Amino acid sequence: MNPRREEHEITVGFAGNAKKIKVKVDDRDLRPWDLETKFQTVGTDQARADGVAKVTGRARYAYDINLPGLLHGLIVRAPIAKGTLKALDLEAAKAMPGVKAVLATKQPGARIRFAGDDVAAIAAETLDAARDAAEKVRMEFTAEPHVTDVLEAPGAPKLDQDGEVTAPWPERGAERIETAIQAARHVRSATYRCEVQTHSSLETHGLTARWYGDRLTVWASTQATFGTRAGLAGTLRIPAENITVHTEFMGGGFGSKFQPGIEGVLACRLAKAADAPVKLMLSRHEEHTCAGNRPGAIIQIRAGVNDDGKITAFDYRCWGEPGFTGQGGGTRAPSDYFRDTARRDTQDNVATDMDAGRAMRAPGWPQGFFATELMLDELAAAIGMDPLEFRLKNDRNEVRLAEWRQGAEAFRWAERRNKTPGQPRAGGDPRWLHGCGLSSAAWGGMGGPGARVTCRIHADARVEVRNGAQDLGTGLKTVLQMLAAEELGIPVAMVTPFVGDTRDPVGPASGGSVTTPTMAPAVRHAAALARRELAARVAAKLGVDAAKVACAGGQVTVEGGQTLSFVDACKLLGSDTVEVVGERFPNHQGYANSVAGCQFAEVRVDRHTGLVQVLDMLAVQDCGTVVARKQAESQTLGAMIQGVSYALHEQRIVDHLTGRMVNGDFLYYKLTGPLDMPAMRAILFPVANGHTNVGAAGIGEPVAVAPAAAIANAVFNAIGVPVRHLPLTPDKILKALARARRV
Amino acid sequence: MRPFELVVPRSLAEASSMAGKGVVYKAAGIDLLDRLKERVEAPEKIVNLLGFRAELARIERSGSTVRIGALATLTQVAEAEVLRGGGFGALLESAGEAATPQVRNRATVGGNLLQQNRCWYFRQAAFGCAHNGRGPGCLAQEGQNRYHAILGQDDCMRVHPSNVAPALQALGASVIVQGGKGERTLPLAELYPKAPDARGAEHTLQPDEILTAIVVPVPGADVRSAYRESREKLSFDWATTAAAVRLAVADGKVRECAIVLGAVAAIPWVAAEAAQSLIGKEPSRANFEAAAKLAFAGARPLAQNAYKVPVGQATLADALEAAARR
Ligand SMILES: Cc1cc2nc3c(=O)[nH]c(=O)nc-3n(C[C@H](O)[C@H](O)[C@H](O)COP(=O)(O)OP(=O)(O)OC[C@H]3O[C@@H](n4cnc5c(N)ncnc54)[C@H](O)[C@@H]3O)c2cc1C
């Protein structure tokens, strides 16, 4: 049955570019908020709903769950990178003191796909007892030659001594692009590289499992409570309704925690075998090496541009480095510059005998944007055009065009840019080279149907909103709280949000930046239903016609009669709590299906030591309706920090002889720290998109797309030569400077 | 880690008498615990020296020397009143920039001098090398070596990890050690092997010897010292190269100079020739850069650490310049 629809005229777009459109909305849903909506709570700064619990240590993460009789689980892993398991003997391990369960996860004959592939699992009274037992596991392997250096792997392109791909361009789809390249006034070709980045979540993967007969409860560090429940149900072959997943707090996932994972499944199996609760959380080294990563990439681009700065040809090819699966290493170049450009996009994967890549915060985009945006600056330099002007000339996204202008002004782009790249500032310390760079950002993240929210109103005027999905740290609890408060017209302090318990209504996996855009319309709908239900209850108590009572703006008004405050109205409920469930209806056609943003960075480079310091960053970002301003800004700043780290520091370093990562820690796997952080500003660019009753769009990922590109461009502006290989460590900077001196 | 017995000795003599196979001393334990957790070491008995903090954590001047108790923390050293003034600059800077505030507040200066190297092969149970006794050769030589040695390598590519050692050595410090046979004093340079190799230990103390103090001569009025290090990031990073220098300038000419480099060789690396080359010269950037070139003239970089040569040169020139400007 088709839902009945109601047509509303709403105002979408952004200030200075407002448009009226008609949207057809399910008649159970609400009229979408739009540019003309006046908010009371939405868009304001509110303290994170669980901020105090987090900073005082009261928040309990999966890692913090301790149950009586808890055992500690451990995975025994293969030391070889490729081959087969020849023999496995667990008897000695089983006989070790404190050991309660030992399981084989592979049988002799099974393939070993990377150093760290699971072979067995142990649960013991202490983690040290489990480690002692692990040393007693006898494993034999038939090792085969492995390849962990992407450049040595079959299918990898050959690079010359300058790091340029030597292979000819592919023939497939060549005709149009070749013609465009031939016709272009200026053509440039270059190869860019990105190293593997690990998610480096502070809380490692894993969970605590406890069985009650055939029912299972887990406390998981996951960004998909319902996905984890489904994954466990499928693997353990028990009904999903027998499983409860708790994730009230979550120590980071960044795309690596959608499934229970082998570690989660094994915790449950060990708990069953030992008949006791088991906690199994990965060690830091395992987290770096067995829990996914952002694939490395080799990207070659050739592009043609005319004298006036119009890009006429864009040929992009990428060899992704997704590990043993040989799949999922694709990268993504921006598209808004090339809407009317001859364009080709070729994606290949190069398999290595390493852990498989996983989604990581805008999977594939930071790599592609880094390569493309740096190429754009190289092209701009070749024709003597300012990079901003070059963007304005080619960008076809009207939101971003406005953002470029706002950002450039706020950043004082024209003034701060180094007009003589490679030269120090006049009158400044000649040792330091300063430069500024920019990059576009983009993403989708409009969310979709499938979530529901329970809203309860109690007689003491406390409002409870519940959803079973997780707040992976982005601020979902605060979003739920603020939206309920807005719709009910009451202070946020009166609303208590609950998330991360699969007994509550279903919610999305936190991937693709959809959590807020998916949840927001559902909680608003729930609060609206609760508001109407409260009015109906008040009407019944007062004995007036329900149609004459309305609840809005924090008051209950009886037509032609009295007005009750929200608190007084709730008192009439007695023990008869209001409970409603709000729905998430499908998106309707609104304004723009993607979000746009841009970022600016200023760096200085020590020409003696090659050290790059990011001094200042600015992001201008659209995320539709800004619900929780502080949390949205915080997402942006966090992405910039992670981006500085990706641009300057992070790289997986592998011993190719053994296939083992040598820097699987936080000493030599370098994460940016407080002293390395720039001054940062986030400007949220309000766009009414009209897709749902709230019109929120994702922000976690778009803001992670641009930082490395903007920083690499700033370095180019500072030192006058592009450094095309991330991370931009001192050794590479010095090499580039030396090359620049030679030419 | 594996279970061990933790003993708290009542006297240094008792501590010394407890030495033997499977026994290790512990100061703050920052280095030691890392090794235990990684299971590259599993002592049976750990002798905790921290109980001697009352006696061994003082920093005091007596006559022409400053005596730094081995259990003084890096923070104590960095903030010590008696070390104020340009002469001790290298020591203050090296202690004040090491690690993180949390580590500096616990880490002892003795432990810092005696900590084991941070080679990623040496320190992981999964790797066996000649130096950790579980393998035949050096894995860094042909493997991953961007943070390894460029000077004086024999058959092990480790670098000395201490910030403080080059500074103390440049200031001419000695160490006092107490063992079963009594107390002895030796120049800090002799705390480390002359010809470090894979099989040998990283320091020269006998198993029953405890480092009790470091004695630093108070630098002359015209002596200045400085410490500079290069890093890949500014918040808590191990130095990729480090330079501690002592310099005296008289009548516009360098009268005295000592240079000790960190993070480039298996021991704090004395660049005597480079230091000598500056004597009688003007303390100018150009001269400092020439001396820095000389200091690294014998460098033999590995496949991934050639950057350390120019970076080390710049760092040394910076240290010299900083000292000259004090
Ligand atoms: C995150 C991090 C970053 C770091 N960064 C730096 C850095 O940038 N620069 C730097 O220099 N260091 C750095 N360190 C190392 C740190 O400074 C040392 O680990 C610390 O100084 C060791 O002191 P401790 O008192 O903890 O020694 P312990 O761990 O207790 O002892 C170290 C070793 O010395 C022996 N020992 C200690 N005291 C005595 C004694 N009095 N007599 C005989 N033997 C003794 C012990 O047996 C042990 O083998 C870092 C460490 C960490 C964890």
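Fair warning: this is a prediction, and the values are worked out from it, not measured in the lab.

Rules of the game
- Residues numbered from 1 in each chain as written.
- Chains lettered and ligands numbered in written order.
- Predicted model: local features only at pLDDT ≥ 70, side-chain atom pairs only at ≥ 80, totals over all residues.
- Heavy atoms only, no water.
- Near = heavy atom within 4 Å.
- Polar contact = N/O pair within 3.5 Å; in protein donor to acceptor, adjacent residues only side chain to side chain.
- Areas by Shrake-Rupley, 256 points an atom, 1.4 Å probe, with all protein chains shown as cover.
- Helix = DSSP H or I, 4+ residues; strand = E, 2+ residues; numbered from the N terminus.
- Nonpolar A, V, L, I, M, F, W, Y, C, P; charged D, E, K, R; others polar.
- Axes fitted to C-alpha atoms, helices over the stretch in contact; angles between N-to-C directions.
- Parallel < 35°, antiparallel > 145°, perpendicular 65-115°, else oblique.
- Left-handed = near helix turned anticlockwise from the far one by under 90°.
- Contact = heavy atoms within 4.5 Å.
- Domains from an automatic or database assignment.
- Buried area = accessible area lost by both parts, 1.4 Å probe.
- Salt bridge = Lys/Arg side-chain N within 4 Å of Asp/Glu carboxyl O.

Draft legend 1. Structural view of the site of the ligand. With respect to spatial proximity, 30 residues lie near the ligand, and among them B:Tyr25, B:Ala27, B:Gly29, B:Thr108 and B:Asn163 are the closest. This site is not confined to one chain, since residues near the ligand come from chains A and B. B:Thr108 is positioned such that a nitrogen or oxygen atom in its side chain is 2.7 Å from an oxygen atom of the ligand. Here a nitrogen atom of the ligand sits 3.4 Å away from a polar atom, N or O, in the side chain of B:Gln115. Contact with the protein chains hides 94% of the accessible area of the ligand, taken as 980 Å² for the molecule alone. Of all elements in the fold, only β2 (23-26), α2 (30-37), α7 (109-114) and β8 (210-217) of chain B reach the threshold of two or more residues within the shell around the ligand. Counted by class, the shell around the ligand contains 18 nonpolar, 7 polar and 5 charged residues.

Draft legend 2. Seen up close, the packing of helix α9 (residues 387-394) of chain A against helix α10 (residues 398-411) of chain A. All names here are of chain A. Put simply, α9 and α10 touch, their axes get as near as 10 Å, and they point 160° apart. Judged by the inter-axis angle, α9 sits roughly antiparallel to α10. Crossing hand, α9 versus α10: left-handed. Every residue of α10 that contacts α9 at Leu388, Arg391 and Leu392 is listed here: Leu401, Trp404, Arg405 and Ala408. Here the contact of α9 with α10 is composed, by residue class, of 5 nonpolar, no polar and 2 charged.

Draft legend 3. Region of interest: the domain arrangement of chain A. Residue and element names in this part refer to chain A. For chain A, the assigned domains read domain 1 (69-145) and domain 2 (293-445 + 591-742). Taking only C-alpha atoms, the centre of domain 1 and the centre of domain 2 are 42 Å apart. On the domain 2 side, the residues contacting the 7 residues of domain 1 number 6 residues. Ranking the residues of domain 1 by area buried against domain 2 places Ala81, Arg113 and Phe114 at the top, with a combined share of 69%. The tally of links from domain 1 across to domain 2 stands at 0 salt bridges.

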